[in-house]
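The primary structure of each chain is shown beneath.
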Amino acid sequence: MTQDEPRGVVVGVDGSVPSRRALDWAMTEAELRQLPLYVVSAAPPAGTYAAMAPGSVYVEDMNATLEAVRGDTEATVGDVNRTRERPFDGELHVQVFAGTATEVLLGMSERHVLLVVGSRGTGGFSRLLLGSVSTAVVHHAACPVLVVRD
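Predicted, not measured: the structure shown is a model, and the values here were computed from it. Per-chain numbering applies: the sequence of each chain, read as written, is numbered from 1 onward. At least 70 in pLDDT is required for a residue's local features to be given in this predicted model, at least 80 for side-chain atom pairs to be given and counted, and no such filter applies to totals for whole chains, interfaces and linings, which use all residues. As a rule here, side-chain values cover all heavy atoms of the structure and leave hydrogens and water aside.

Undergrad: Before we go on, may I ask you to explain the overall build of the protein chain in this structure?
TA: What the protein chain contains, in helices and strands, is five helices and five strands. Secondary structure elements are taken from DSSP: a helix is a run of H or I of four residues or more, a strand is a run of E of two residues or more, and numbering for both begins at the N terminus. The order of helices and strands in the protein chain, counted from the N terminus, is β-α-β-α-α-β-α-β-α-β. Exposed residues in this analysis have more than 50% of their type's maximum accessible area, buried residues have under 20%, and partly exposed residues fall in between, with area computed by a 1.4 Å probe over protein chains only. Looking at the protein chain as a whole, 39% of its 150 residues are labelled buried. Residue pairs in contact within the protein chain that sit at least 24 positions apart in sequence constitute 76% of those at least 6 positions apart. Using the Shrake-Rupley algorithm and a 1.4 Å probe, accessible areas are obtained, with residue cover drawn only from the displayed protein chains. Summed over its atoms, the accessible surface of the protein chain is roughly 8300 Å², and 55% of this surface lies on carbon and sulfur atoms. By definition in these notes, contact holds between two residues if any of their heavy atoms fall within 4.5 Å.

Undergrad: Would you mind going over the sheet that holds strand E1 (residues 9–12) with me for this structure?
TA: Across a sheet, strands are paired by hydrogen bonds formed along the backbone, either parallel or antiparallel in direction. As summarised here, the arrangement of the five strands in space is E3-E2-E1-E4-E5, forming an open sheet in which the pairing is parallel. One side of each edge strand has no neighbouring strand; the edge strands of this open sheet are strand E3 (92–98) and strand E5 (145–148). The sheet shows a mean angle of 25 degrees between the axes of neighbouring strands, direction not considered. The criterion for strand pairing is that DSSP finds at least two bridges linking the strands in question. Sheet topology places E1 next to strand E4 (residues 114–118); three bridges connect them, and they run parallel. Residue pairing across strands places Val-9 opposite Leu-114, the latter belonging to E4. Under this scheme, a helix contributes an axis fitted over its contacting stretch, all axes are lines through C-alpha atoms, and angles between N-to-C directions fall in the 0 to 180 degree range. Sheet strands in contact with helix H1 (residues 17–33) are E1, strand E2 (37–43), E3, E4 and E5, and its direction is about 175 degrees off that of E1.

Undergrad: Would you mind showing me how to read helix H5 (residues 132–140) here?
TA: Note on helix geometry: an α-helix contains 3.6 residues per turn, so any two residues three or four positions apart are oriented the same way. Those residues of H5 not exposed but buried are Ser-134, Ala-136 and Val-137. On an axial view of H5, the arc spanned by its buried residues comes to 160 degrees, and they lie on one face. In this structure, H5 carries Ser-132 and His-139 as exposed residues pointing more than 90 degrees from its buried face. Its buried side turned inward, H5 meets helix H4 (101–109), E4 and E5. Working note: the arc is built from the helix axis to C-beta atom directions.

Undergrad: Looking at this structure, I do not really get the environment of Leu-92. What am I missing?
TA: Within the fold, Leu-92 resides in strand E3. The partly exposed category is assigned to Leu-92, whose relative accessible area is 29%. Considering only alpha carbons, one finds Leu-92 and Val-77, 15 residues apart in sequence, at a separation of 9.6 Å. Other than its neighbours up to four places away in sequence, Leu-92 contacts Met-27, Leu-37, Val-39 and Val-77.

In structure tokens:
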């Protein structure tokens, strides 16, 4: 993200059912608030690539990973948009960053007005608990956080 990007609604997407619900909700929030929507995905930390590959091989592998995640994220956006009663018609940006989901989303929270994430509750007692990413962003984000549950 650059400093000249307009503030907006950020949603973390990993392709899971909870993140798809979060994306749908974030689309609605962005439309209601007339703000841009930033659909954000994180590629896994690259430490293992660096240890296994010398020189420029790491850069090529990380770039390939980022592009693969971008393609998956764009496909998820298209799928969710097709299932909506009314397709999203606001400003939308897909962004993919190297790092953990928590790092990326907390960084995005410093510049935007709302962060939306899904929760991966699995039923029973665990429905009372949030996933590790949603717990971290709820406690440490610099903007309001909306956790979308089943």
